[in-house]
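One-letter residues, chain by chain:
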Amino acid sequence: MDQKLQAYIDKLNKLNFKEMYMNDFFLTWEKTDDELEAVFTIADALRYMREQNISTKIFESGLGISLFRDNSTRTRFSFASACNLLGLEVQDLDEGKSQIAHGETVRETANMISFMADVIGIRDDMYIGKGNAYMHEVSKSVREGYQDGVLEQIPTLVNLQCDIDHPTQCMADMLHIIHHFGGVENLKGKKVAMTWAYSPSYGKPLSVPQGVIGLMTRFGMDVVLAHPEGYEVMPEVEEVAKKNAAASGGTYRKTNSMADAFQDADIVYPKSWAPFAAMEKRTNLYGEGDSEGIKKLEKELLAQNANHKDWCCTEELMKTTKDGKALYLHCLPADINGVSCEDGEVEASVFDRYRTPLYKEASFKPYVIAAMIFLSKVKDPQAVLKALEERGTPRWTK
Amino acid sequence: MDQKLQAYIDKLNKLNFKEMYMNDFFLTWEKTDDELEAVFTIADALRYMREQNISTKIFESGLGISLFRDNSTRTRFSFASACNLLGLEVQDLDEGKSQIAHGETVRETANMISFMADVIGIRDDMYIGKGNAYMHEVSKSVREGYQDGVLEQIPTLVNLQCDIDHPTQCMADMLHIIHHFGGVENLKGKKVAMTWAYSPSYGKPLSVPQGVIGLMTRFGMDVVLAHPEGYEVMPEVEEVAKKNAAASGGTYRKTNSMADAFQDADIVYPKSWAPFAAMEKRTNLYGEGDSEGIKKLEKELLAQNANHKDWCCTEELMKTTKDGKALYLHCLPADINGVSCEDGEVEASVFDRYRTPLYKEASFKPYVIAAMIFLSKVKDPQAVLKALEERGTPRWTK
Amino acid sequence: MDQKLQAYIDKLNKLNFKEMYMNDFFLTWEKTDDELEAVFTIADALRYMREQNISTKIFESGLGISLFRDNSTRTRFSFASACNLLGLEVQDLDEGKSQIAHGETVRETANMISFMADVIGIRDDMYIGKGNAYMHEVSKSVREGYQDGVLEQIPTLVNLQCDIDHPTQCMADMLHIIHHFGGVENLKGKKVAMTWAYSPSYGKPLSVPQGVIGLMTRFGMDVVLAHPEGYEVMPEVEEVAKKNAAASGGTYRKTNSMADAFQDADIVYPKSWAPFAAMEKRTNLYGEGDSEGIKKLEKELLAQNANHKDWCCTEELMKTTKDGKALYLHCLPADINGVSCEDGEVEASVFDRYRTPLYKEASFKPYVIAAMIFLSKVKDPQAVLKALEERGTPRWTK
């Protein structure tokens, strides 16, 4: 057997991830360390096999349903790629951006689209308190459908971004970090600066900063969350970050200074988001159909943002990071000064220098999603990886 | 060989369905009893094999074209599921909801999308006298294309709902009934109430009630069509129902009383539809581009509907059915009192009690569609079922 | 081995098309005669194998990305068919019709959609000087992505119509001509009339007439380009046509008389297009966001068109062609007098007589696209064709 593949299998043999079988993926902090490492390992293994031109199709037929409540190119293509890699055909369910009716309608729709669905990927990040709850409702509905004999299989739910977490993004970010620093064992004591940055647009989701502090505090790193006053994230997630840091031997702290966060940082993630309280307010305004209120809030938020144009990832700030060479992260697309906007999150020369690493960071996402599906669908992943290698079907007849 | 699969094959061996090969599926009453039973049997066999994790892909490549002239989630996903189950990739042709130009354009488009199409599924239910005719035009065009050497194969046409019938829905309803009552042989003398019900929305298609009376009269059952005066369905379909009933040893009659229909019924199907004459008028108004006339008609119809809010499937009415336990059917989504609307087709507690059976009813549709395709594409279905079992490719590497 | 397939392989053995491997397809005149013949030969071979029910899937998984900047049914379905034939699943990237931002955004999007993309098909014909340039930018971006380790494979770029050429259309037209005249060796001295024709619509792309004179001058034929004064095509493409004609022993000339072009023609291709200079002006107006200017230009162009309603492919003109039986070509849909418009490009009786050949002409496009992909993805096409025959997987279990 191929040695590299064997090494992945050996690693898996040491991990306990039984609970992932037939299970969903909502939030990273609902998973154990072993489970997260299993995702990383399977992601690497699937990528390696694809590079070796070995097909990893575990489905002869079956559908992957994508349900996006918000425009998306990157995540949509990542999900489509992951499904295709495993043999599932993607079908999009287009429900528009409206706040969907809950209860009866969700239960019914979830079952109606799932007769041959093996996975459902949902992006629902616009409404605080709604997205994650909606995903749970879908999951509960299809599990009931399975128990009642309506469905022949339970579709796995993969959170493609909710109001709380963006697990496929943050896991891809994390896998990029692991590869960059040469292994998870080299991360202890590294300083991560998750910082707010100015953007001329408004209402960007909180799921990335929340996902980052909820995940990166688990590896013994020193995680700093920086933002201007008034841009607080969900307090529950901060609690998670604190507990994680304590458990992993790292630290978590908050600051209102970007310079403080960048000082000697090994990793920087400067990115705009909207204040949690404002997003909560917006959700209520939408619920009340108060379009005047929504417009007013938008105006206020844009004005508030404009007070913080100095929150930008400049060359000057980058120089203050560890050896002036911190790893710059972003979920893309970034607001780049003088390129996609006048003033934005990052100076063009900084972005330019990190373009290739940024693209690599993004390239892990399809494999992370595929790994989440794989671990939910396959009872003995080690055996199946072995079987796929033995089967040796070329992905591409070159 | 697996005994259950053998039983399906044995059943098929007794049926004559030769004419289905390389043929289309437009209306149930254009098919013989044997042909319908073949569809049910193949649907059950495909479902059984999927449950046994046996791949039923009969296509390595090929397209299934879906052409919906009306919004659809359920039927669209059922068609996509059926195609995927057999190995076809779905491509949607989006032609909007406009009344499409006929003649030259249909012929040309039908051929242009069919170079690698094995199936074309069409939903075109909005215009009386048009939908079914359009499907025939498409079918004729691609058959000519095949004869002329333009196409290498004849795409099978599957009617996913027209102005006359909704065969995939009604066949799924019927298969649900057959399973519920433990076999087609137990249906003789059962009373079916296909009744109109109030809905606050307007212009619902006639294809379901028409499809139901055109199909369910073929099993020796006593079919009653109930609606307020003025909600007549197409007279031609009523003629079909009468003839069917006579031939099958059942009965068909009409009433203007919902209570009369429900009395001692074994099966109830309360569902809103628009009067046939009004739909014919609307089609003409659309043809003339008379938007004022359309608005006026809509107003009149909503007012007319509102006179019949008492046509609702209540608990009280349900108590009058056979043992108070009639099987409640609906094509979904239903207008549920106090859930999806104030007053609607059914009381919430009734719907709630039948939710699981309703979802099961819907779950037959993908298999019914797949069976229609299978019977059109496979010359010797029994042999192919056997071969698929012997091939034994798992659908999913668990 | 099958004799016909062996003949295709023998033909390929005599051709040099090494440079097509891992390469893109932008313009026909960037390819050698051998390379074009290889495309024709593979297209014929793939079609033949499909007719013999032999699967030609060379991909177990992988995506084909389609990116259309303009509405399309024919080309979209042709691309989807080609991808499906080879085993790729199509994912559409919908970027709207706007002139997309170039530079950073193109580079990023190109990589983000390509993690598992084996082919990218682009249609971008609306803006002079932009479409082809955009395709090159995408190709450059993904090649860099591959070199930088972002992508595991290089997606092949296929030009599905740009501002300069429409290679998949013109190659399909040409393959139709070759079959019609019984082989490329019978084309010397044949007269081709590529002529402008009146259409009541405005702004039709120049890529078809340009593609035709750029391609059909390579086979020793006498190509005449006819149009009213003011409807000139890109001068650079005319230069290409002249050089091609000189090299192939044919001729290329221009005329302002449709009658002159039709006289004794073996092949006629009457089709509307917009003047090159006007399209260039329109591109600038769009760039400036001058919607008033665009409206004014549209009015002018429609008025200009209306002066040339006599440029129509009539029965009378057809009589003047070789034996009155020239092969009539069109990329479809045509503007047919009294059918799709009052006055248009062709008389109904002429179109009617050529309908079947026209549909056949169109039927080559999926195979031409598949051949372009095949030659880019397969290092030894002859060996792979042989291997596919030996594998003998039926496309369809009949």
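Under an unreviewed UniProt entry, the name given to chain A is Knotted carbamoyltransferase YgeW, and the organism recorded is Anaerotruncus massiliensis. Listed under Sequence similarities (unreviewed entry) in UniProt, the entry text for chain A is "Belongs to the aspartate/ornithine carbamoyltransferase superfamily."

Caption draft 1: Spatial organisation of the packing of helix α14 (residues 355-363) of chain A against helix α15 (residues 365-377) of chain A. Residue and element names in this part refer to chain A. At their nearest, the axes of α14 and α15 sit 5 Å apart, and the two run at 15° to each other. Here α14 is positioned roughly parallel relative to α15, judged by the angle of their axes. Residues Glu361, Ala362 and Ser363 of α14 form the contact with α15, whose participating residues are Lys365, Pro366 and Tyr367.

Caption draft 2: A look at the pairing of strand β3 (residues 117-123) of chain A. All names here are of chain A. For β3, the buried fraction is high: seven of the seven residues fall into the buried class. As paired strands, strand β1 (residues 63-68) and β3 are joined by six bridges and run parallel to one another. Along β3, the bridge assignment pairs leucine 67 with isoleucine 122. Where β3 and strand β4 (residues 156-159) come together, four bridges link them in parallel fashion. If you follow isoleucine 120 over to β4, its bridge partner there is leucine 157. Running through helix α5 (residues 131-147), the crossover from β3 to the neighbouring parallel element β4 is right-handed.

Caption draft 3: Spotlight on the sheet that holds strand β1 (residues 63-68) of chain C. All names here are of chain C. Reading across from one edge, β2-β1-β3-β4 is the order of the four strands in this open sheet, with parallel pairing throughout. Bordering the open sheet on either side are β2 (89-93) and β4 (156-159), each of which pairs with just one other strand. Sheet twist, expressed as the mean angle between neighbouring strand axes with direction ignored, is 25°. Bridge count between β1 and β2: five bridges; the pairing is parallel. The residue bridging leucine 67 from the neighbouring strand is leucine 93, located in β2. Sheet strands touched by helix α15 (residues 365-377): β3 (117-123) and β4. Its angle to β4, the strand with the most contacts, is close to 155°.

Caption draft 4: Here's a closer look at the confidence of the model for chain A. Per-residue confidence for chain A gives a mean pLDDT of 95; residues scoring 70 or more make up 97%. When the criterion is pLDDT under 50, residues 97-101 of chain A qualifies, and its contacts beyond four places in sequence or with other chains add up to 15 contacts.

Caption draft 5: Structural detail: the pairing of β2(C). Of all five residues in β2(C), four are buried, a share of seventy percent or more. Crossover β1(C) to β2(C) through helix α3 (residues 74-86) of chain C is right-handed.

Caption draft 6: Up close: the sheet that holds strand β8 (residues 267-271) of chain B. All names here are of chain B. Pairing within the open sheet is parallel, and its five strands lie in the order β7-β6-β5-β8-β9. In this open sheet, the two edge strands, each paired with only one partner strand, are β7 (251-255) and β9 (327-328). In the sheet, strand β5 (residues 191-196) pairs with strand β6 (residues 222-226) via five bridges, with the strands oriented parallel. Paired with valine 192 across the bridge in β6 is valine 223. Each of β5, β6, β7 and β8 is contacted by helix α7 (residues 207-216), which is oriented at about 165° to β5, the strand it contacts most.

Caption draft 7: The arrangement of the domain arrangement of chain A in detail. Residues and elements named next belong to chain A. Taken domain by domain, chain A comprises domain 1 (3-164 + 365-391) and domain 2 (167-362). One C-alpha centre belongs to domain 1, the other to domain 2; they are set 26 Å apart. In this assembly, 31 residues from domain 1 lie in contact with 33 residues from domain 2. Note on domain 1 versus domain 2: buried area summed over both sides is about 2,600 Å², and carbon and sulfur give 65% of it. Per-residue buried area on domain 1 facing domain 2 is highest for Trp29, Phe40 and Ile128; these three make up 27% of the total on that side. In this structure, the connection of domain 1 to domain 2 is made through one salt bridge. If you look at where domain 1 meets domain 2, you find eleven residue pairs in polar contact (both at pLDDT 80 or more). Residue assignment for the side of domain 1 that touches domain 2 shows that the elements contributing at least two residues are α2 (33-51), β4 and α15. With six residues, α2 is the largest single contributor of residues to the side of domain 1 that touches domain 2. Tallied by class, residues from the side of domain 1 that touches domain 2 come to 18 nonpolar, five polar and eight charged.

Conventions and cut-offs
- Each chain has its residues counted from 1, following the order in which its sequence is written.
- Chains carry letters from A onward and ligands carry numbers from 1 onward, assigned in written order.
- The predicted origin of the model limits local features to residues at a pLDDT of at least 70 and limits the giving and counting of side-chain atom pairs to 80 or more, whereas totals for whole chains, interfaces and linings rest on all residues.
- Processing note: side-chain calculations cover all non-hydrogen atoms of the structure and skip hydrogens and water entirely.
- UniProt positions are given in the numbering used here, feature names are shortened, and annotations may be inferred rather than shown by experiment.
- Only the stretch in contact is used when a helix axis is fitted, and all axes are lines through C-alpha atoms; the angle between N-to-C directions ranges over 0 to 180 degrees.
- Numbered from the N terminus, helices here are DSSP runs of H or I no shorter than four residues, and strands are runs of E no shorter than two.
- Here roughly perpendicular refers to angles of 65 to 115 degrees, roughly parallel to angles under 35, roughly antiparallel to angles over 145, and oblique to all remaining angles.
- Contact criterion: two residues are considered in contact whenever any of their non-hydrogen atoms come within 4.5 Å of each other.
- Each residue is assigned to one of three classes by its accessible area relative to the maximum for its type, calculated with a 1.4 Å probe on protein chains only: buried under 20%, partly exposed between the two thresholds, exposed over 50%.
- Two strands form a pair only when DSSP identifies at least two bridges running between them.
- Here is how to tell: hold the view so the strands point away, follow the path from the first strand over the helix to the second, and if it runs clockwise the crossover is right-handed.
- As a per-residue quantity, pLDDT reports the predictor's confidence and falls between 0 and 100.
- A domain assignment, automatic or from a database, supplies the domain bounds used here.
- Simply put, the buried area is the total loss of 1.4 Å probe accessible area from both parts when two parts are fitted together.
- The salt bridge definition used is simple: a Lys or Arg side-chain nitrogen within 4 Å of an Asp or Glu carboxyl oxygen.
- Two N or O atoms form a polar contact when they lie within 3.5 Å of each other; inside protein one atom must be a possible hydrogen donor and the other a possible acceptor, and for residues adjacent in sequence the pair counts only when both atoms belong to side chains.
- Polar here means any residue other than Ala, Val, Leu, Ile, Met, Phe, Trp, Tyr, Cys and Pro, which are nonpolar, and Asp, Glu, Lys and Arg, which are charged; Gly is therefore polar.

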